[in-house]
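Below are the chains, spelled out letter by letter.
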Amino acid sequence: MLTGIRIVFLGGDARQIEVIRKCVEMDATVSAAGFEKWESRIPGVILEPLSEELLAGADVLVLPTVGCDQEGNINALYAKDRLKLEEEHVAALPPNAAVYTGLAKSYLRDLCAKYSLKLVELLDRDDVAILNSIPTAEGALVMAIQNTDFTIHGSTSIVLGMGRTGFTMARALQGLGSSVKVGVRKQEHFARAEEMRWRPFMTGELLQQVGDVDLIFNTIPSMVITAQVLTRIPRHCVIIDLASAPGGVDFRYAEKRGIKAMLAPGLPGIVAPKSAGIIMGNALVQSISEEIIIRGD
Ligand code: NAP
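Residues numbered from 1 in each chain as written. Predicted model: local features only at pLDDT ≥ 70, side-chain atom pairs only at ≥ 80, totals over all residues. Heavy atoms only, no water.

What follows covers the packing of aromatic side chains. All chains considered together, the criterion is met by three aromatic pairs. Ring geometry for Phe167 and Trp198: centres 5.1 Å apart, planes at 70 degrees, overall edge-to-face. Residue Phe167 is located in helix 6 (residues 164-175), and its partner Trp198 is located in the loop between helix 7 (187-195) and strand 11 (199-202); the two are separated by 31 residues in the primary sequence. Through a chain of ring-to-ring contacts, the aromatic side chains of Phe35, Trp38 and Tyr78 assemble into a single cluster. (Phe/Tyr/Trp six-rings, centres within 6.5 Å; stacked < 30°, edge-to-face > 60°. Helix = DSSP H or I, 4+ residues; strand = E, 2+ residues; numbered from the N terminus.)

What follows deals with the domain arrangement of the chain. The assigned domain composition of the chain is domain 1 (6-124 + 272-295) and domain 2 (128-265). Taken over C-alpha atoms, the centre of domain 1 sits 34 Å from the centre of domain 2. Taken together, both faces of the contact between domain 1 and domain 2 bury some 530 Å²; the carbon and sulfur share is 74%. Taken together, domain 1 and domain 2 are joined by zero salt bridges. Counting across the interface, domain 1 meets domain 2 through zero residue pairs in polar contact (both at pLDDT 80 or more). Of the residues that constitute the side of domain 1 that touches domain 2, the class distribution is six nonpolar, no polar and one charged. (Domains from an automatic or database assignment. Buried area = accessible area lost by both parts, 1.4 Å probe. Salt bridge = Lys/Arg side-chain N within 4 Å of Asp/Glu carboxyl O. Polar contact = N/O pair within 3.5 Å; in protein donor to acceptor, adjacent residues only side chain to side chain. Nonpolar A, V, L, I, M, F, W, Y, C, P; charged D, E, K, R; others polar.)

This part covers the pairing of strand 11. The pairing of strand 10 (residues 179-184) with strand 11 spans four bridges and is classified as parallel. Within strand 11, the residue paired with Gly183 across the bridge is Phe201. Handedness of the crossover joining strand 10 and strand 11 through helix 7 is recorded here as right-handed. (Pairing = 2+ DSSP bridges. Right-handed = clockwise from strand over helix to strand, strands pointing away.)

Right, let's talk about the site of the ligand for a bit. Lining the immediate surroundings of the ligand are 22 residues, of which Arg164, Thr165, Arg185, Ala264 and Leu267 lie closest. Within the backbone of Thr165, an N or O atom sits 2.8 Å from an oxygen atom of the ligand. Lys186 is positioned with one of its side-chain polar atoms (N or O) 3.2 Å from an oxygen atom of the ligand. Taking 920 Å² as the accessible area of the ligand by itself, protein coverage stands at 76%. When atoms are counted within 2 Å of each cavity's grid points, the one that captures over half of the ligand is the largest pocket. (Near = heavy atom within 4 Å. Areas by Shrake-Rupley, 256 points an atom, 1.4 Å probe, with all protein chains shown as cover. 1 Å grid on protein atoms, 1.4 Å probe; cavity = no way out; pocket = protein on both sides within 12 Å on 5 of 7 lines; lining within 4 Å. Sits in = over half its atoms within 2 Å of the grid points.)

Here is the structure:
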């Protein structure tokens, strides 16, 4: 339980509603700024404007999945006005307060470091990234279905990278009847892919692997689908780049060649905000509880 823990939420989208719900359920004292347009409020949540006073009383500050941009602007779907995290807000937090977000940019990292505040990036956790890969793969399949005139069943697909997202993606494609090739760079991943009855290859051989492909899902966050690779890809192939911006595809050249290629960021929040929020909420509560145990509060 989080009884007695004061949590302040700043902005967010439908995912954050689920996170707030979880914290209220766990008996935390919850305040939220940037939720003025929120229609079905959860009883027990105190809505307040963002101020130094609000943050001075927080044990925990929770920012949205993508914390804030490099100017401190916070994505706040339900806010009436722009929500901006200024240095004085961070400075007002008590010294033992913790700041939680999905992934932090250097603006937030630097401020937390300056004021010696603990910063927790929940998407860094393996368990969160693995669970998050489920709505990501489902969203990627939706995009593939919407952008093709053929079934996934019977197609040849390539998944690049066999990390948390790549593994789930490959398994989902296999389940729908696609013949799945997986591009990896480690022998142990090659072996695991064989065991899964996928068709593994080393990413260095990508050029030789794309001639018969219908769908490509990239999870490698660096340039892999170069202009040279694109010259070998059939024009009907659809490329969905799941890697974080700027992705791993030469989009300019793909467009020039007439190949549909799209960067698909933030899929969990788009296709399954409730599930994505529950994943984040559970991880947040677990992380705060661990912190309480460590500090012996
Ligand atoms: P991950 O577990 O670290 O997987 C990344 C994979 O890429 C690993 O298998 C890694 O290989 C491989 N890799 C990295 N650099 C490589 C290179 N130069 N050559 C060949 N392989 C390389 O990460 P993840 O959690 O799956 O996330 C993958 C990407 O998707 C990230 O950019 C993440 O931000 C993004 N993401 C996007 C969404 C969305 O909605 N679009 C959702 C979740 C995640 P090794 O294992 O050998 O290191």
